[in-house]
Amino acid sequence: YGSFVDALRLYVRGGTGGMGYPRLGGEGGRGGDVWFVAQERTTLKSIRDRYPQKRFVAATGAHSSIKALKGEKGKDCEVYVPLGISILCDDGKKIGELNAAGERFLAARGGLGGCLATNFLPCKGQRRIVRLDLKLIADVGLVGFPNAGKSSLLSKISHAKPEIADYAFTTVQPELGKIVYADYKQISVADLPGLIEGAHANKGRGHKFLKHVERTKQLLLVVDISGFQLSIKTRFRTPFETILLLTKELELYREELVAKPALLAINKMDLPCAKDNLNELMKQLEKPQDFLHSLQEEMIPARTLEFKDIIPVSTYTGEGIEELKARIRKSIDEEAEQENEEYQKKKLQLLRASE
């Protein structure tokens, strides 16, 4: 899985409170808190490298004294984490998430200082083990089987430089790229490592890859027009079967993924017989129900993906690349406009309700 880290287990402990001063009724300072703070250009790998012990403990509160009856609060401990982090307890229960720069989460609260209620004895801070789970945030997620040409496509439409080769599983970690348009509009694209049949059951580290699809706004399925075969031991899949299998894997992992807006890029149109294969595929996609009878039942998803656009491309010759970039932009803009309309409607309803 390369040097990419998308999960990290940490020990956090709030600071102990300061001692009270029973004779004069003095109160010790509260212990410091441990905070997770979302920050851009931060990675879980940098946290792991910088803090190999993975322990974060806030400072102790100041003791009460004759000079200062009210002790000062202990210094907080701030841990800078990347955007797109889910925070889970050690038992797997989700307790928070950080998606925008500057957002904060209280990971461990400091203990009370010694006071009348505690018989002037300090309390220990909260302590627990938490897990940080990273899910990449991107506008578009590239989804496809190994060797479909996702990395090549990302390098053509963005400034990213992923590793590219003619064998399966070239990409072993998610890659992020940005499409930059003439008017300086930017759209982020995540190239997710190739799925395989059974990815929903965590085959081939399926969950590590599929979880990154959750935070993408839209899907871009990339399919090889000549079909797909992982190895000589596995069955050959036609482009139509490939699309159904990808849909099935997404559906079995998390049903709501299939409801995301989706585009389809049909790659390798420079190959011989690509035109004939494309004509056949378009017929199958127009009326998929007519072609399901010959397939195994476990391959057929409950609902098929409805593609907003189908774009034939060739990363080798550059055919269709500019059109694909334009269609991605159009699709993202339409979704943003729709979200804005829904937001305005909700605001109007709230305003009417308050009147």
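Per an unreviewed UniProt entry, the recorded name for the protein chain is GTP-binding protein 10, and the organism is Urocolius indicus. Under Sequence similarities (unreviewed entry), UniProt gives the following word-for-word description of the protein chain: "Belongs to the TRAFAC class OBG-HflX-like GTPase superfamily. OBG GTPase family." According to the UniProt record, the Subcellular location (unreviewed entry) comment for the protein chain is "Nucleus, Nucleolus".

**Q** How would you explain the confidence of the model for the protein chain if you had to name every residue and give the values?
**A** This prediction gives the protein chain a mean pLDDT of 87; 90% of its residues lie at or above 70. Counting contacts from residues 164-171, a segment whose pLDDT is below 50, to residues more than four positions away or on other chains yields 20 contacts. Predicted confidence is poor over residues 199-206, with pLDDT under 50, and the contacts of this stretch with residues over four places away or in other chains come to 18 contacts.

**Q** Outline the environment of Gly-141, supporting the account with residue identities and numerical values.
**A** With respect to the helices and strands, Gly-141 occurs in strand 9 (residues 140-143). Between the C-alpha atom of Gly-141 and that of Ser-188, which follows or precedes it by 47 residues, the distance is 8.7 Å. For Gly-141, the contacting residues outside a window of four places in its chain are Ala-190, Thr-216, Gln-218, Leu-219 and Leu-220.

**Q** Could you give me a rundown of the pattern of salt bridges, with the residues and numbers involved?
**A** Applying the stated criterion across every chain, the model contains 22 salt bridges. Lys-45 is the salt-bridge partner of Asp-49, the closest N and O atoms lying 2.9 Å from each other. Of this pair, Asp-49 and Lys-45 are both found in helix 1 (residues 44-50), four residues apart, which corresponds to roughly one turn of the helix. Relative accessible area serves as the criterion here: at 29%, Lys-45 is assigned to the partly exposed category.

**Q** How would you summarise the packing of helix 4 (residues 239-253) against helix 5 (residues 274-286) if you had to cite specific residues and measurements?
**A** Taken N-terminus to C-terminus, the directions of helix 4 and helix 5 make an angle of 45°; their axes are 9 Å apart at the nearest point. Regarding the angle of helix 4 to helix 5, the classification is oblique. Along the contact surface, helix 4 presents Pro-239, Phe-240 and Ile-243, while helix 5 presents Leu-281, Gln-284 and Leu-285. Class assignment for the residues of the contact of helix 4 with helix 5 results in five nonpolar, one polar and no charged.

**Q** Describe the sheet that holds strand 9, naming the residues involved and giving the relevant values.
**A** With mixed pairing, the six strands of this open sheet are ordered in space as 10-11-9-12-13-14. Strand pairing shows two members of the sheet lacking a second neighbour, strand 10 (175-180) and strand 14 (307-312), which therefore form its edges. Pairwise comparison of adjacent strand axes, ignoring direction, gives a mean angle of 25° for this sheet. Sheet topology note: the strand 9/strand 11 (residues 186-191) ladder contains three bridges and is parallel. The residue bridging Leu-142 from the neighbouring strand is Asp-191, located in strand 11. Across the sheet, helix 4 lies against strand 9, strand 12 (218-224), strand 13 (262-267) and strand 14, angled at about 145° from strand 12, the strand it touches most.

Reading the values: the criteria
Residues numbered from 1 in each chain as written. Predicted model: local features only at pLDDT ≥ 70, side-chain atom pairs only at ≥ 80, totals over all residues. Heavy atoms only, no water. UniProt positions renumbered as here; feature names shortened; annotations may be inferred. pLDDT = per-residue confidence, 0-100. Contact = heavy atoms within 4.5 Å. Helix = DSSP H or I, 4+ residues; strand = E, 2+ residues; numbered from the N terminus. Salt bridge = Lys/Arg side-chain N within 4 Å of Asp/Glu carboxyl O. Buried < 20%, exposed > 50% of the residue type's maximum accessible area, 1.4 Å probe, protein only. Axes fitted to C-alpha atoms, helices over the stretch in contact; angles between N-to-C directions. Parallel < 35°, antiparallel > 145°, perpendicular 65-115°, else oblique. Nonpolar A, V, L, I, M, F, W, Y, C, P; charged D, E, K, R; others polar. Pairing = 2+ DSSP bridges.

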